[in-house]
Amino acid sequence: MIPRANSRGDAVKILAISGSLRAGSSNTALLHAMAALAPGGVEVSLYGGLVELPHFNPDLDPETIPAVADFRARLAAADGVLISSPEYAHGVAGVMKNALDWVVATGEFVDRPVALVNASPRAHHAQEALTETLVVMTARMVPEASIAVPLLGRKLPEGGMLADAEIADALRGAIETFVRVIGTGAGS
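Within every chain, residues take consecutive numbers counted from 1 along the sequence as written. pLDDT decides what is reported in this predicted model: residues at 70 or higher carry local features, side-chain atom pairs at 80 or more are listed and counted, and totals for whole chains, interfaces and linings draw on all residues regardless. In computing side-chain values, all of the structure's heavy atoms are included and hydrogens and water are not.

**Student:** Go over the overall build of the chain, please, and point to the residues and values.
**Tutor:** Counting secondary structure elements, the chain contains six helices and eight strands. What counts as a helix is a DSSP run of H or I of at least four residues, what counts as a strand is a run of E of at least two, and both are numbered from the N terminus. Across the chain, helices and strands are ordered from the amino to the carboxyl terminus as β-α-β-α-β-β-β-α-β-α-β-β-α-α. Radius of gyration (C-alpha) of the chain: 16 Å, near the 16 Å computed for a compact globule of 188 residues. Principal-axis analysis of the C-alpha atoms places the extent of the chain at approximately 50 × 40 × 25 Å. The long-range share in the chain, meaning contacts at least 24 apart out of those at least 6 apart in sequence, stands at 81%. Charge separation in the chain, taken as the distance between the mean sites of 14 positive and 20 negative side-chain charges, equals 5 Å. Note that the radius of gyration is over C-alpha atoms, with the globule rule given as 2.2 Å times the number of residues to the power 0.38. The criterion used for residue contact is that any of the two residues' heavy atoms lie within 4.5 Å. In summary, the charge assignment counts Lys and Arg as positive and Asp and Glu as negative, without counting His or the chain termini. The atoms used to mark charge sites are NZ of Lys, CZ of Arg, CG of Asp and CD of Glu.

**Student:** Describe in detail the pairing of strand S1 (residues 12–18), supporting the description with residues and values.
**Tutor:** Exposure classes here rest on a 1.4 Å probe applied to the protein chains alone. A residue is buried below 20% of its type maximum, exposed above 50%, and partly exposed in between. Counting buried positions over the seven residues of S1 gives six, a clear majority of the element. Pairing between S1 and strand S2 (residues 42–47): six bridges, direction parallel. Its bridge partner lying in S2, Ile17 is registered against Tyr47. Think of it like this: strands point away, you trace from the first strand over the helix to the second, and a clockwise trace means the crossover is right-handed. In this fold, S1 hands off to helix H1 (residues 26–37), which returns the chain to S2; that crossover is right-handed. Only when DSSP finds a minimum of two bridges between them are two strands counted as paired.

**Student:** Can you break down the side chain of Arg112 residue by residue, with the values?
**Tutor:** With respect to the element layout, Arg112 can be found in the loop between helix H3 (94–101) and strand S6 (113–118). We define a salt bridge as a contact between a side-chain nitrogen of Lys or Arg and a carboxyl oxygen of Asp or Glu at a distance within 4 Å. Asp79 provides the closest opposite charge to the buried, unpaired Arg112, separated from it by 6.0 Å. Among the polar contacts made by the side chain of Arg112, one reaches the main-chain carbonyl oxygen of Ala78 at a distance of 2.8 Å. When neighbours within four sequence positions are excluded, Arg112 is seen to be in contact with Leu75, Ala76, Ala78, Asp79, Gly80, Val81, Ala139 and Arg140. Any N or O atom pair separated by 3.5 Å or less is treated as a polar contact, with the protein-specific requirement of one donor-capable and one acceptor-capable atom, and with residues adjacent in sequence counted only for side-chain atom pairs.

**Student:** So what about the nonpolar core? Which residues, and what values?
**Tutor:** Take the buried Ala, Val, Leu, Ile, Met, Phe, Trp, Tyr and Cys residues and link them wherever side-chain atoms come within 4.5 Å; each set so joined is a nonpolar core. Counting 31 residues, the largest nonpolar core has Ile14, Leu82, Leu151, Met161, Leu171 and Ile175 as the members making the most contacts within it. Listing elements by their share of this core, those giving two or more residues are S1, H1, S2, S6 and helix H6 (165–184). With nine residues, the top contributor of residues to this core is H6. Ile83, Ala93, Ala99 and Leu130 belong to the second-largest nonpolar core, a separate cluster that totals 27 residues.

**Student:** Before we move on, can you summarise the packing of aromatic side chains with the specific residues and values?
**Tutor:** Working definition: a ring pair exists when centres of Phe, Tyr or Trp rings (six-membered ring for Trp) sit within 6.5 Å. Plane angles under 30 degrees give stacked, over 60 give edge-to-face, the rest tilted. A complete count under the given rule lists two aromatic pairs for this structure. On the numbers, 4.9 Å between centres and 40° between planes, the contact of Tyr47 with Phe71 is tilted. One end of the pair, Tyr47, is in strand S2; the other, Phe71, is in helix H2 (residues 66–77), with 24 residues separating them in the sequence. Per residue, the accessibility class of Tyr47 equals that of Phe71, and both read buried. With 5.1 Å between their ring centres and 85° between their planes, Phe56 and Trp102 make a pair best called edge-to-face. Pair noted here: Phe56 is in the loop between S2 and H2 and Trp102 is in the loop between H3 and S6, with a separation of 46 residues, a long-range link. You can call Phe56 partly exposed: its relative accessible area is 34%. Looking at Trp102, the relative accessible area reads 2%, which means it is buried.

**Student:** Give a description of the confidence of the model for the chain that names residues and reports values.
**Tutor:** Mean pLDDT for the chain: 90, with 92% of residues reaching 70 or above. Values of pLDDT, which run from 0 to 100, indicate the predictor's confidence residue by residue. Looking across the chain, the model is least confident in strand S4 (residues 87–88), with a mean pLDDT of 85, and most confident in strand S7 (residues 140–141), with 98.

**Student:** Pulling in residues and values, what's your account of the packing of H3 against helix H4 (residues 124–136)?
**Tutor:** Here an axis means a line fitted to C-alpha atoms, over the contact stretch when the element is a helix, while the angle between two N-to-C directions is reported on a 0 to 180 degree scale. At a minimum axis distance of 11 Å, the contact between H3 and H4 shows a crossing angle of 5°. With respect to each other, H3 and H4 are oriented roughly parallel. Contact with H3, carried on its side by Met96, Lys97 and Leu100, involves Leu130, Thr133 and Leu134 of H4 and no other residues of that element. Residue polarity follows a fixed list, in which Ala, Val, Leu, Ile, Met, Phe, Trp, Tyr, Cys and Pro are nonpolar, Asp, Glu, Lys and Arg are charged, and the others, Gly among them, are polar. Looking at side-chain class alone, the contact of H3 with H4 contains four nonpolar, one polar and one charged residues. Orientation labels follow simple angle bins: below 35 degrees gives roughly parallel, above 145 gives roughly antiparallel, 65 to 115 gives roughly perpendicular, and whatever is left gives oblique.

Listed below in structure tokens is the structure:
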């Protein structure tokens, strides 16, 4: 059974974060497709504020930076976080790492369920680095809901992913598994 509510009785809330700023990003399209395939009673909201986060500087007061305060509040309100980030030069996209740096010390990822999806099975270096960072931040990684979808060179928009039965089934399975793990508190 897939839970339709969190422990407070509200809809399960998932914050989806794309580590790409590109308008035609496959990783962003993956997240939109997963949101469309989410079970009823599950709210998936795509965070679009990575571009607004300043370069991380621990000397800045993050409470006076509206973009940082908003990011932290959205993370704190989420029952789980879904991340899809490209790989650049065998590493995590800079904007994604910058966003994580803003919340290392504040605890928004502590025991928060996180699933990683990616638009290329070849992006394993970034996935491994992202996983390592999130584990250090004590996120509750959900490997059974983390998948790589072979979109390399296909340039499929969200609608194309939803129309492709194999891709849609994989994304549906991942989001349903993620919601189930959020509801049961399981995961690694």
